[in-house]
Amino acid sequence: MTTVDRVQTPALPSTRISQATAVEQSRAVAEVQAAVFVAQQCPRNVQNAIASMRESCAQQALAERAFYKFPRGGTTVSGESIHLARELARCWSNIQYGIVELSRDDTARQSEMSAWAWDVQANTRVSNTFIAPHVRDTRSGAQKLTDLRDVYENNANLGARRVRECIFAVLPPFFVEEAKELCVKTLADGGGKPLAQRIADAVKAFAGIGVVMDQLEQKLGRAGDKWTELDVAQLGVTFKSLQRGEVTKDEEFPPARVTAAEILEDAPPGAGIPRDEAS
Amino acid sequence: MRTLDWNTAVQTSITEPGVYELPADVYHRDPVPAGSLSASGARKLLPPYCPAIYRHEKDHRPPPTPEFSFGHAAHRLVLGVGPDIAVVDADNWRTKAAQEQRDDAIAAGLTPLLQADYNIVKAMAEALRGHPIAGALFSIETGRPEQSLFWQDKETGIWCRAMLDWLRHNDSSRRLVIPDYKTAASASPAKFEKAMYDYDYHRQAAWYMDAVVGVDRTDKAAFVFVVQEKTPPYLVSVFEPDSLAVEAGRYYNRQARLVFAQCQQSGVWPGYSREVELISLPAYAQNRYFQETGQ
């Protein structure tokens, strides 16, 4: 299945083929043949794959990175991250995936990219060819990217999201679903640390980035002493998303509402407004 | 803060971002030589208005309407600033004598108001003072009335201006709450929500919050409407626009700034459209037609 996000006339390709490119072309043909051959000679052991996935998902390090969240159109979109996708691909075995920058057009400020995942054994391949514009959406509108590193990071970012979807598309749904459940469980379990300590750690970590207890309580809708394992797990996902810059502090913790108490606080008692001096 | 006296301010042009105390008249005539955009101007640049309307109104300021005078007088008594009020002892504007007095007042820079309206405005100001939150918001101990803010937009480079009803004193430990006084037919939350949308008050809220940040007054601001009914018992409500309203307001403000920058650069202030536009029946009329014809 190949989906094309946007069709655009590509820049005229260079006709010159270097020696290295020629070698790479023939090597790629051989690699594809070898990969299919090897995969069929050494098929995956599904039981082992499941066991390996269960072991990975029980690890706090993976579970913490397994989910992401970011805002779009007033709501928050959340889902499984590229980190989980890569790990599941590793466990399932005989899967190849990648991102390729097919061409870059600095005049039109865009790259033509391809993200793909391939179950070599079943010979199921999902790819997604798309145009990555060299712009970044900001609150004050689209910002052109000129720095090479910015372009690279933007391409890698857009590519990672596509490759994640490709990997999830070739993996069997039962495998992914079980992994998600296990990761949530691992997050809720908090690596065996007592809940009170995890709450204290979470509050401390958020205090470090300027989010106070009041804001955390407001977000979760209950006082700190009533937080559950899942609440702390949710805070963990939020914290990681904040660290990765997927969401901003204001989006996750909107400024507190203006209250009468706040206004009255700095008004001197009996404060009035200027007397009427109209003619 | 720079305080300019009326006479010098007429000639003074503003070329530095900051907070100024200007007569309303000077502010409205736009003291920035390069031209600046206000919140109400930004509203006129976008549909259902268009840049041509904005340009015309900027060049030919419309004479004040009775509603406008009423609102101004209410601001005058509540905030203690603005043009002085000239009370016209008449029942309505229909007599020649009343009209002459009105025109004389306008010519003298005063706000003409009928005796009955003046009584209402006075009672409204009294009611507002009695309101615990509103009274505290417009307390002379905590801020200054009618402050004009001028700043340059970082993205487009255009000059923006805003005249805040009330600018509270700076207190770095707290966020800056910007109150804006509105007289309205109803101060009920549901009715004012509709009014906020109809008159784009949410854009004004976002504009003012960006204004205080633009002049480096603060980096965290909040905005509240102080809404008062024009009929007894002159009820007062204080509303804070939610984050989506502010976000939407900010979005349209940015569109307006982009249009302004483009028009200013090209010198062309277009009307609604230069093309032949295709128009349809409103959705409800289409639905009715489909229902009646069984389509």
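Here the structure is a predicted model, which means the values were calculated and not measured. (Residues numbered from 1 in each chain as written. Chains lettered and ligands numbered in written order. Predicted model: local features only at pLDDT ≥ 70, side-chain atom pairs only at ≥ 80, totals over all residues. Heavy atoms only, no water.)

Chemist: Hey, could you run me through the overall build of chain A in this one?
Modeler: If you tally the helices and strands in chain A, you get 11 helices and eight strands. Residue burial in chain A is summarised as follows: out of 279 residues, 37% are buried. At a minimum sequence separation of 6, the contacts of chain A that also span at least 24 residues come to 62%. Summed over its atoms, the accessible surface of chain A is roughly 16400 Å², and 53% of this surface lies on carbon and sulfur atoms. (Helix = DSSP H or I, 4+ residues; strand = E, 2+ residues; numbered from the N terminus. Buried < 20%, exposed > 50% of the residue type's maximum accessible area, 1.4 Å probe, protein only. Contact = heavy atoms within 4.5 Å. Areas by Shrake-Rupley, 256 points an atom, 1.4 Å probe, with all protein chains shown as cover.)

Chemist: Please explain the confidence of the model for chain B as it appears in this structure.
Modeler: Close inspection of predicted coordinates is inappropriate for parts of the model with low pLDDT. Residues and elements named next belong to chain B. On average, residues of chain B carry a pLDDT of 87, and 96% of them reach 70 or more. Taken element by element, the predicted model of chain B shows its lowest mean pLDDT in helix H1 (residues 6-11) (45) and its highest in strand E3 (residues 36-37) (96). Per-residue pLDDT stays below 50 along residues 3-11; that stretch engages in 15 contacts with residues further than four places along the chain or on separate chains. Here the prediction assigns the complex a pTM of 0.61, and the interface score ipTM is 0.72. (pLDDT = per-residue confidence, 0-100.)

Chemist: Sorry, what's going on with the sheet that holds strand E9 (residues 221-229) of chain B here?
Modeler: By way of backbone hydrogen bonds, the strands of a sheet pair with one another, either parallel or antiparallel. All names here are of chain B. Judged by pairing direction, the sheet is mixed, and its three strands sit side by side in the order E8-E9-E10 without closing on themselves. Here the strands that pair on one side only, and so sit at the sheet edges, are strand E8 (176-184) and strand E10 (236-239). Shown here is a sheet whose adjacent strand axes are inclined to one another by a mean of 20 degrees, direction ignored. Relative to E9, E8 is paired through nine bridges, and the arrangement is parallel. (Pairing = 2+ DSSP bridges. Axes fitted to C-alpha atoms, helices over the stretch in contact; angles between N-to-C directions.)

Chemist: Got a minute to help me understand the packing of helix H4 (residues 82-92) of chain A against helix H6 (residues 173-189) of chain A in this structure?
Modeler: In helix packing, the relevant descriptors are the interaxial angle and the interaxial distance, both defined with respect to the helix axes. Residue and element names in this part refer to chain A. Taken N-terminus to C-terminus, the directions of H4 and H6 make an angle of 125 degrees; their axes are 11 Å apart at the nearest point. When the axis of H4 is compared with that of H6, the two are oblique. Of the two elements, H4 crosses H6, and the hand of that crossing is right-handed. Residues Leu84, Leu88, Cys91 and Trp92 of H4 lie in contact with H6, whose contacting residues are Phe174, Phe175, Val176, Ala179, Lys180 and Cys183. For the contact of H4 with H6, a count of residues per class yields nine nonpolar, no polar and one charged. (Parallel < 35°, antiparallel > 145°, perpendicular 65-115°, else oblique. Left-handed = near helix turned anticlockwise from the far one by under 90°. Nonpolar A, V, L, I, M, F, W, Y, C, P; charged D, E, K, R; others polar.)

Chemist: Would you mind showing me how to read the nonpolar core here?
Modeler: In globular proteins that are soluble, nonpolar side chains generally tend to be buried together. All names here are of chain B. Of all hydrophobic cores here, the largest spans 41 residues; its most connected members are Leu149, Trp207 and Phe225. Looking at this core, the elements with two or more residues in it are helix H3 (39-45), strand E6 (143-152), strand E7 (159-168), E8, helix H9 (189-198), helix H10 (201-214), E9 and helix H11 (243-266). In terms of residues, this core owes the most to one element, H10, which gives eight residues. When near neighbours in sequence (up to four residues on either side) are disregarded, Trp207 contacts Leu37, Ser38, Ala39, Ala42, Trp151, Cys160, Arg161, Ala162, Asn253 and Arg257. (Core = buried A, V, L, I, M, F, W, Y, C linked by side-chain atoms within 4.5 Å.)

Chemist: Please clarify how the environment of Leu148(A) should be interpreted in this entry.
Modeler: Residue and element names in this part refer to chain A. With respect to the helices, strands and loops of the structure, Leu148 is situated in helix H5 (residues 148-170). By relative accessible area, which is 61% here, Leu148 ends up exposed. For the pair Leu148 and His134, spaced 14 residues apart in sequence, the C-alpha separation works out to 10.0 Å.

Chemist: Would you mind showing me how to read the packing of aromatic side chains here?
Modeler: Ring pairs (aromatic) are described by centroid distance and by the angle formed between their planes. In total, this model carries 22 aromatic pairs over all chains according to the counting rule given. Ring centres 5.1 Å apart and planes at 80 degrees place the aromatic pair Tyr251(B) and Tyr252(B) in the edge-to-face group. Ring pairs connect the aromatic residues Phe192(B), Tyr199(B), Tyr201(B), Tyr208(B), Phe223(B), Phe225(B) and Phe239(B), which therefore count as one cluster. The cationic tip of Arg162(A) hangs over the ring face of Phe130(A); the distance from NZ or CZ to the ring centre is 4.1 Å. (Phe/Tyr/Trp six-rings, centres within 6.5 Å; stacked < 30°, edge-to-face > 60°. Lys NZ or Arg CZ within 6 Å of the ring centre and 35° of its normal.)

Chemist: Hey, could you run me through unusual backbone geometry in this one?
Modeler: Leaving glycine out, the prevailing phi sign among residues is negative, and the prevailing peptide bond configuration is trans. Residue and element names in this part refer to chain B. The step from Pro47 to Pro48 runs through a cis peptide bond, and the omega angle for that step is 5 degrees. Here Pro48 shows up in the loop between H3 and helix H4 (51-59). The phi dihedral of Asp200 is positive, around 55 degrees, even though this residue is not glycine. Structurally, Asp200 is set in the loop between H9 and H10. Even without being glycine, Asp216 reaches a positive phi, approximately 60 degrees. Residue position: Asp216 is located in the loop between H10 and E9. Of the residues examined, Asp216 reaches a relative accessible area of 69% and is grouped as exposed.

Chemist: Would you mind showing me how to read the side chain of Ser186(B) here?
Modeler: All names here are of chain B. Note that Ser186 resides in the loop between E8 and H9. Among the polar contacts made by the side chain of Ser186, one reaches the main-chain amide nitrogen of Ser188 at a distance of 3.1 Å. Contact partners of Ser186, with chain neighbours within four places excluded, come to Lys191, Val227 and Glu229. (Polar contact = N/O pair within 3.5 Å; in protein donor to acceptor, adjacent residues only side chain to side chain.)

Chemist: I would appreciate a short explanation of the packing of helix H2 (residues 46-57) of chain A against H6(A) in the present structure.
Modeler: All names here are of chain A. Two elements in contact, H2 and H6, have axes whose closest approach is 9 Å; the angle formed by their N-to-C orientations is 25 degrees. By the angle between their directions, the pair H2 and H6 is classed as roughly parallel. In this structure, the crossing between H2 and H6 has a hand that is right-handed. Each of Ala49, Ile50, Met53, Arg54 and Cys57 in H2 lies in contact with H6, whose residues at this interface are Phe174, Phe175, Glu178, Ala179, Leu182, Cys183 and Thr186. Classifying every residue of the contact of H2 with H6 gives nine nonpolar, one polar and two charged.

Chemist: Where do I start with the pattern of salt bridges in this structure?
Modeler: Opposite charge on two side chains permits pairing when their charged atoms draw close. Summed over all chains, the structure comprises 29 salt bridges over all chains. The salt bridge partner of Arg175(B) is Glu262(A), with a shortest N-O separation of 2.9 Å. Remark: Glu262(A) occurs in helix H11 (residues 260-265) and Arg175(B) occurs in the loop between E7 and E8; the pair is interchain, linking two chains. Accessibility expressed as a relative area gives 17% for Arg175(B), which makes it buried. For Asp30(B), the salt bridge goes to Lys58(B), with nearest N and O atoms at 2.9 Å. Here Asp30(B), found in the loop between helix H2 (24-28) and E3, pairs with Lys58(B), found in helix H4; they are 28 residues apart in sequence, far enough to count as distant. The buried category is assigned to Asp30(B), whose relative accessible area is 9%. (Salt bridge = Lys/Arg side-chain N within 4 Å of Asp/Glu carboxyl O.)

Chemist: Explanation requested: the pairing of strand E5 (residues 110-119) of chain A in the structure shown.
Modeler: All names here are of chain A. The buried fraction of E5 is high, at nine of 10 residues. As paired strands, strand E4 (residues 95-105) and E5 are joined by 10 bridges and run antiparallel to one another. Paired with Ile99 across the two strands is Ala115, which belongs to E5. Hairpin connection from E4 to E5: four residues lie between these consecutive antiparallel strands, with Arg109 at a positive phi of about 55 degrees. Across 10 bridges, E5 lies against strand E6 (residues 124-133) in antiparallel orientation. Bridged to Met113 within E6 is Phe130. Here E5 folds back onto E6 in antiparallel fashion, the turn holding four residues, of which Asn123 has a positive phi close to 55 degrees.

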